[in-house]
Amino acid sequence: MAENGDNNSHNIAKKSISSSKWNLPVGVFFRDARHVFKWDALGKEILGMALPAALAVAADPIASLIDTAFIGHIGPVELAAAGVSIALFNQASRITIFPLVSITTSFVAEEDTVANMKLKAAHVESSALDDMEKGAAKLEPKGDDDDDDDDDDDDDDGKLENEKSNSKETKYDCKDSDAKGLSEPENNVGKLEKTKVKKGKRHIASASTALIFGIILGLVQAIFLMFGARTLLGVMGVKHDSPMLAPAEKYLVTRAFGAPAVLLTLAMQGIFRGFKDTTTPLYVIMLGYSLNVALDPLLIFVCHLGIRGAAIAHVLSQYLMAFTLFLILMRKVNLLPPSLKDLQFGRFLKNGGFLLARVIAVTFCVTLAASLAARLGATPMAAFQTCLQVWLTSSLLADGLAISIQAILACAFAEKDYKKATAAANRVLQMSFVLGVGLTFVVGLGLFFGAGIFSRDVHVLHLIRIGLPFVAATQPLNSLSFVFDGVNFGASDFAYSAYSLALVAVASITALITLSKSNGFVGIWIALTIYMGLRMFAGIWRMGTGTGPWRFLRVPFAASS
């Protein structure tokens, strides 16, 4: 009878698992939605990282927006030229650095978490050994008290067993601690204690690897943009007889000198994010872009450098940020690995290849849109550039949430804490939707009443107001799309990110080419709306169907096991 009961239970469990394959966990997105604003430990962890990260991510588009405002007062031709050049520079930067930053954040978070877990486990074992030695000292025979000593011995043995059992079940927090950052903790307890006292610099192989890639890619990008500026501008639709060519080439070549600093700065930001430190990069970035804003009017109008002055201001600010971040990082991390074998070139290249394909697919759509707008003329391009900068700047605020969830999920998956992974992903996605709805009103009203800041040309202002509904209405789509990127990266789901976005790009490119021909400026914005909608759907599909790293969502009891 007992055997039959066990068989029945096994069959019921098996049937439950089998049926779960057909029950899609799409409802997970609405779980605990009433707690979206709850100020608990999870909410504090998310927002504590997201707010500084959002400000840091938005700083570069804001600086470009300020450049755009200053350049717009030179003339519409210069404004259009800067728009094309900025689109080209951003495309090159994203292709070279975005894969590196994304995988660096995940790899540093995983490596640091695993090292911290091992170190804590070793300290728990050390404490257990100390207790055992103390217990043995108490068990010394004392004349006629043998029986009592035996009882004490049993009690101590029981306590020791409980301590060992508890040490096995200990869950480790993913946050920074004094013991963090040791990639290979020493097995010897004495050495561990010595290491903890001295603390020293962190040994994170992925951090050293990221910096090497950042320097190499920065130099490659600078050379590529300097010697290929005219050709690249031609591809973007700026022909040899266009009035935009000369100012666009000046701006692009000058900005190219800052490419090594840009890529090195972003690589170091990825390292700090892996340590769950988004505040330090924010302070440095604010320092750098404050210099940029101060130099813009000085170099553009006082020194009469025009559009080149705006580019010089940007380059100087980037080198200041790179130098400052490097000095801070040197105090935290041992940037020289013990040996070349510790560098993770193979792992970076494999996963970076997936993200490189993804970034090319994603950013090509925006670059193609800018190219199609440039072909319509200087006035449509000037309006498109203004709308695009506002669109990207406001949307990238959601990147702060994406960065926080990437680091949190990387830690949760490293610890196999699927319950926290699900709760954190839900909370951040719900926050991103609320953020997107709020941005719809802020961007709509701000651009409607503030369009005159960017241009005084009546025709440019007219086109800006035509693009305004698209810029405002797509904010919820954009927010969810960016956060789903962070969810996928945190789960190390790089292959799916690449393949899904390749399909999205094919559909979006087709829409851009078709709609721009038939509807011009409006058609471009309709196509960009389709593009962001498809990106959001690709994110919903992965987690909502419980596939890939989210397979555990199909079996309810797996999340708690």
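1. Observations concerning unusual backbone geometry
One non-glycine residue, His304, adopts positive backbone phi at about 60°. Mapped onto the secondary structure, His304 falls in the loop between helix H9 (279-302) and helix H10 (306-332). In this structure, Ser492 takes a positive phi of about 55° despite not being glycine. With respect to the helices and strands, Ser492 occurs in the loop between helix H16 (475-490) and helix H17 (494-544). Take Ser492: its relative accessible area is 32%, and that puts it in the partly exposed class.

2. A look at the packing of helix H6 (residues 205-235) against helix H7 (residues 245-256)
For the pair H6 and H7, interaxial distance at closest approach is 8 Å and the crossing angle is 165°. Here H7 runs roughly antiparallel to H6, going by the angle between their axes. Relative to H7, H6 is oriented so that their crossing is right-handed. Facing H6, whose interface residues are Ala222, Leu225, Met226, Ala229, Arg230 and Leu233, H7 presents Leu245, Ala248, Glu249, Leu252, Val253 and Ala256.

3. Some remarks on the pattern of salt bridges
Counted by the stated rule, this structure contains seven salt bridges. Between Glu45 and Lys420 there is a salt bridge, with the nearest N and O atoms lying 3.3 Å from each other. With a gap of 375 residues between them, Glu45 in helix H2 (residues 41-72) and Lys420 in helix H14 (residues 418-450) connect regions that are remote in the sequence. On the basis of relative accessibility, which here comes to 22%, the residue Lys420 falls in the partly exposed class. Among the salt bridges present, the one from Asp493 reaches Arg542, with a minimum N-O distance of 2.7 Å. Remark: Arg542 occurs in helix H17 and Asp493 occurs in the loop between H16 and H17; sequence separation between them is 49 residues. Judged by its relative accessible area of 6%, Asp493 falls in the buried class. Ionic contacts of the salt-bridge type, sharing partners, join the residues Glu45, Lys276 and Lys420 into one network.

4. Overview of the confidence of the model for the chain
Averaged over every residue, the pLDDT of the chain is 79; residues scoring 70 or more account for 79%. Contacts of residues 5-22 to residues separated by more than four positions or lying in other chains number six contacts, the stretch itself having pLDDT below 50. Within the model, the stretch residues 557-561 combines pLDDT values under 50 with six contacts to residues more than four positions away or in other chains.

5. What to know about H2
Helix length check: H2 (32 residues) gives 46 Å between terminal C-alpha atoms against 46 Å at 1.5 Å per residue, within 8%. Where H2 bends most, at Ala59, the angle is about 35°, and the proline Pro61 comes one to four residues later.

6. Comments concerning the packing of helix H13 (residues 399-415) against H14
Orientation of H13 relative to H14, taken along the N-to-C sense of each, is 175°, at an axis distance of 9 Å. Put simply, H13 runs roughly antiparallel to H14. Between H13 and H14, the contacting residues are Leu401, Ile405, Ile408, Leu409, Ala412 and Phe413 on the first element and Tyr418, Lys420, Ala421, Ala424, Ala425, Val428, Met431, Ser432 and Leu435 on the second. Partitioned by chemical class, the residues of the contact of H13 with H14 number 13 nonpolar, one polar and one charged.

7. Description of the side chain of Ser516
By secondary structure assignment, the location of Ser516 is in helix H17. Take Ser516: its relative accessible area is 12%, and that puts it in the buried class. A distance of 3.1 Å separates the side chain of Ser516 from the backbone oxygen of Ile513, its partner in a polar contact. Discounting chain neighbours no more than four positions away, the residues touching Ser516 are Leu372, Ala511, Gly523 and Ile524.

8. Topic: the packing of aromatic side chains
Two numbers describe a pair of aromatic rings. These are the distance of the centres and the angle of the planes. Counting across every chain of the model gives 13 aromatic pairs. For the ring pair Phe29 and Phe484, a centre distance of 6.0 Å and an interplane angle of 85° mean the geometry is edge-to-face. Of the two residues, Phe29 sits in the loop between helix H1 (2-20) and H2 while Phe484 sits in helix H16, which places them 455 residues apart along the sequence. Here Phe29 matches Phe484 in class, with each residue buried. Here the aromatic residues Phe413, Tyr418, Trp550 and Phe552 are joined through ring pairs into a cluster of three or more. Its guanidinium or amino end placed over the ring of Phe89, Arg255 lies 4.4 Å from that ring's centre, counting from NZ or CZ. Taking NZ or CZ as reference, Arg465 lies 5.6 Å from the ring centre of Phe448, over its face.

Analysis parameters
- Position numbers for residues start from 1 in each chain and track the written sequence from start to end.
- With pLDDT at 70 or above as the cut-off, local features in this predicted model cover only qualifying residues; side-chain atom pairs require 80 or more to be listed or tallied, and sums for whole chains, interfaces and linings still use all residues.
- Side-chain numbers come from the whole structure's heavy atoms, not from hydrogens or water.
- Strands here mean DSSP runs of E at least two residues long; helices mean DSSP runs of H or I at least four residues long; both are numbered from the N terminus.
- When accessible area is computed with a 1.4 Å probe and restricted to protein chains, residues below 20% of their type maximum are described as buried, those above 50% as exposed, and intermediate ones as partly exposed.
- As a rule, the C-alpha atoms of each element are fitted with a line to give its axis, helices using only the stretch in contact, and angles between N-to-C directions run from 0 to 180 degrees.
- Should an angle lie under 35 degrees it is considered roughly parallel, over 145 roughly antiparallel, and from 65 to 115 roughly perpendicular; all remaining angles are considered oblique.
- Handedness of a crossing is defined here by the sense of rotation of the near helix relative to the far one, left-handed for an anticlockwise turn of less than a right angle and right-handed for a clockwise turn.
- In what follows, residue pairs with any heavy atoms lying within 4.5 Å of each other are defined as contacts.
- Salt bridge, as used here: a side-chain nitrogen of Lys or Arg that lies within 4 Å of a carboxyl oxygen of Asp or Glu.
- Every residue gets a pLDDT, meaning the predictor's confidence in that residue, from 0 to 100.
- Every helix has an expected span of 1.5 Å times one less than the residues it contains.
- At every residue, the bend is computed as the angle between two fitted axes, covering the seven residues ending there and the seven beginning there respectively.
- Under this grouping Gly is polar, as are all residues other than the nonpolar Ala, Val, Leu, Ile, Met, Phe, Trp, Tyr, Cys and Pro and the charged Asp, Glu, Lys and Arg.
- Polar contacts here mean pairs of N or O atoms no more than 3.5 Å apart (in protein, one a potential hydrogen donor and the other a potential acceptor; neighbouring residues in sequence count only if both atoms are side-chain atoms).
- Paired rings are identified among Phe, Tyr and Trp, the last through its six-membered ring, by centres lying within 6.5 Å, and are further divided according to the angle between planes into stacked (under 30 degrees), edge-to-face (over 60) and tilted (the rest).
- Put simply, a charge is over a ring when the Lys NZ or the Arg CZ is close to the ring centre, within 6 Å, and near the line of the ring normal, within 35 degrees.

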